Amino acid sequence: DESHVYVDDDVSGAEFKNRPGLLRLLNHLKEFNVVVMSEFSRLGREQSNTAIVLAQIHAAGARVFFYLTDEELRYESAIEKFMVSAAAFAAELEREKASQRARDAALKRAKEGRNFGGRVYGYDNVPVYGTAVNGQEVRTHTDYRINPDEADVVRGIFRAGADGRGLTAIAKALNGDPGYQDIAARYFAGRRPPPPRKGTGSWAPSSIREILHRPRYTGKVPFGEHRKVLRAGSTARVRAATYLLTDRPDLRIVHDDLWRAVQTRLAGLKAHYSHFTTARVESKYMLSGLM
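Residues numbered from 1 in each chain as written. Predicted model: local features only at pLDDT ≥ 70, side-chain atom pairs only at ≥ 80, totals over all residues. Heavy atoms only, no water.

K.L.:
Quick one: what's the story with the overall build of the protein, residue by residue and with numbers?
P.N.:
Broken down by element type, the protein carries eight helices and nine strands. Counting all 291 residues of the protein, 36% fall into the buried class. Pairs at least 24 residues apart make up 60% of the contacts formed inside the protein by residues separated by at least 6 positions. Surface exposure of the protein reaches about 18,000 Å², of which carbon and sulfur atoms provide 52%. (Helix = DSSP H or I, 4+ residues; strand = E, 2+ residues; numbered from the N terminus. Buried < 20%, exposed > 50% of the residue type's maximum accessible area, 1.4 Å probe, protein only. Contact = heavy atoms within 4.5 Å. Areas by Shrake-Rupley, 256 points an atom, 1.4 Å probe, with all protein chains shown as cover.)

What follows is the structure, given as structure tokens:
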């Protein structure tokens, strides 16, 4: 029955709160008495939460089988529970090793200023080729290259930010809002450029804010700025205290003076809104930040 096939593709085994397939399975435990999966690590790759899920399945009266080994997972005696804990430990350890291997490979590319995954507005991902031992051309890695049209938009966003334009105003100007034609004409030549590839299909204040905080546009490629950590059965993205910045002058879009002007204004706004300091805020509204 296809309604009882539960799949979680492209989701970390350490994730338990945001796994729709697993959550749906647990919500339907009363409808069947056997759960079949390929191997134990498919249930989860974090010890404590995997044990909790397995206990729920067992309490509902369902038996668990693995089709790769053609065996049943028993979870009744102390020895059986200990063996399950050992298997969960092995699964979590392998997940950590795989994560570290992936991070080490990305770090090597990052130290060389290469693309270590993902797309960034203002740049194109360009494949780089080399010659193999047999003389054939092979793809060695992916690098960044400035996209001229998107770079113009980035510079316009920074100029608008330095001049005191708010995130929402800039976003509305980029989206073609008639009430913000003056901003669009002054900083973006009246154009309505396509938004970043990911998102809702339109410019949002959050995407403008993210652009204004990216040191990459000054020719510095960051790595390790954010890391995923496990918290209460779910992965969270946290900012690291220190991270790697690799110089790539050829990728500079925004000059240092403009960057510093924007960062100074953002810092002043943060202080104003957070602590009600006397930081200067440029706004056409008298009670901006207060009401």
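There is more to say, and it comes next.
K.L.:
Lay out a nonpolar patch on the surface with the relevant residues and their values.
P.N.:
A cluster of nonpolar side chains, contributed by Val-34, Val-36, Tyr-67 and Leu-68, occupies part of the molecular surface with about 420 Å² of accessible area. Within the secondary structure, Val-36 sits in strand β1 (residues 34–37). (Patch = residues over 30% accessible without salt bridge, like charges linked within 9 Å, V, L, I, M, F, W, Y side chains within 5 Å. Salt bridge = Lys/Arg side-chain N within 4 Å of Asp/Glu carboxyl O.)

K.L.:
Tell me about the sheet that holds strand β3 (residues 71–73), and name the residues and values.
P.N.:
Across the sheet, three strands lie side by side as β1-β2-β3; this open sheet has mixed pairing. Across the chains shown, the open sheet's two edge strands, defined by having one partner strand only, are β1 and β3. Strand-to-strand twist of the sheet, defined as the mean angle between neighbouring strand axes without regard to direction, takes the value 30°. Where β1 and strand β2 (residues 63–66) come together, four bridges link them in parallel fashion. Directly across from Val-34, in β2, lies its bridge partner Arg-63. (Pairing = 2+ DSSP bridges. Axes fitted to C-alpha atoms, helices over the stretch in contact; angles between N-to-C directions.)

K.L.:
So what's going on with helix α2 (residues 47–59)? Which residues, and what values?
P.N.:
In this model, α2 (13 residues) spans 18 Å end to end at C-alpha, consistent with the 18 Å of a helix rising 1.5 Å per residue. Those residues of α2 lying buried are Asn-49, Thr-50, Val-53, Leu-54 and Ile-57. Viewed along the axis of α2, the buried residues span an arc of 135°, placing them on a single side of the element. Gly-61 lies just past α2 and shows a positive phi near 90°. (Expected span 1.5 Å × (residues − 1). Arc of directions from axis to C-beta.)

K.L.:
Talk me through the side chain of Arg-216; I want residue IDs and the actual numbers.
P.N.:
By the element assignment, Arg-216 lies in the loop between α7 (205–212) and β6 (220–223). Residues within four places of Arg-216 in sequence aside, it is in contact with Val-120, Tyr-123, Tyr-144, Val-221, Pro-222 and Leu-251.

K.L.:
Can you tell me about the nonpolar core, naming the residues and giving the values?
P.N.:
Across soluble globular proteins, you tend to see nonpolar side chains buried next to one another. Of all hydrophobic cores here, the largest spans 33 residues; its most connected members are Ile-157, Phe-158, Trp-203 and Tyr-217. Among the elements of the structure, α4 (148–162), α5 (167–174), α6 (181–188), α7 and α8 (256–275) are those that each provide at least two residues to this core. Looking at this core element by element, the count peaks at six residues for α4. Beyond its immediate stretch of four places on either side in the chain, Trp-203 contacts Tyr-121, Val-153, Ile-157, Ala-171, Leu-174, Asn-175, Pro-193, Pro-194, Pro-195, Pro-196, Ile-208 and Ile-211. Core analysis: the second largest hydrophobic core is formed by 21 residues, Phe-16, Leu-29, Phe-40 and Ile-57 among them. (Core = buried A, V, L, I, M, F, W, Y, C linked by side-chain atoms within 4.5 Å.)

K.L.:
Talk me through α4; I want residue IDs and the actual numbers.
P.N.:
If you check α4, its first and last C-alpha atoms are 21 Å apart, about what 15 residues at 1.5 Å a residue would give, namely 21 Å. Inspection of α4 places Glu-150, Ala-151, Val-153, Val-154, Gly-156, Ile-157, Phe-158, Ala-160 and Gly-161 among the buried residues, and these make up the whole buried set. Capping the start of α4 is the job of one residue whose side-chain oxygen sits 3.2 Å from the backbone nitrogen of Asp-149: Asn-147. Phi turns positive, to about 95°, at Gly-164, one or two residues after α4. (Polar contact = N/O pair within 3.5 Å; in protein donor to acceptor, adjacent residues only side chain to side chain.)

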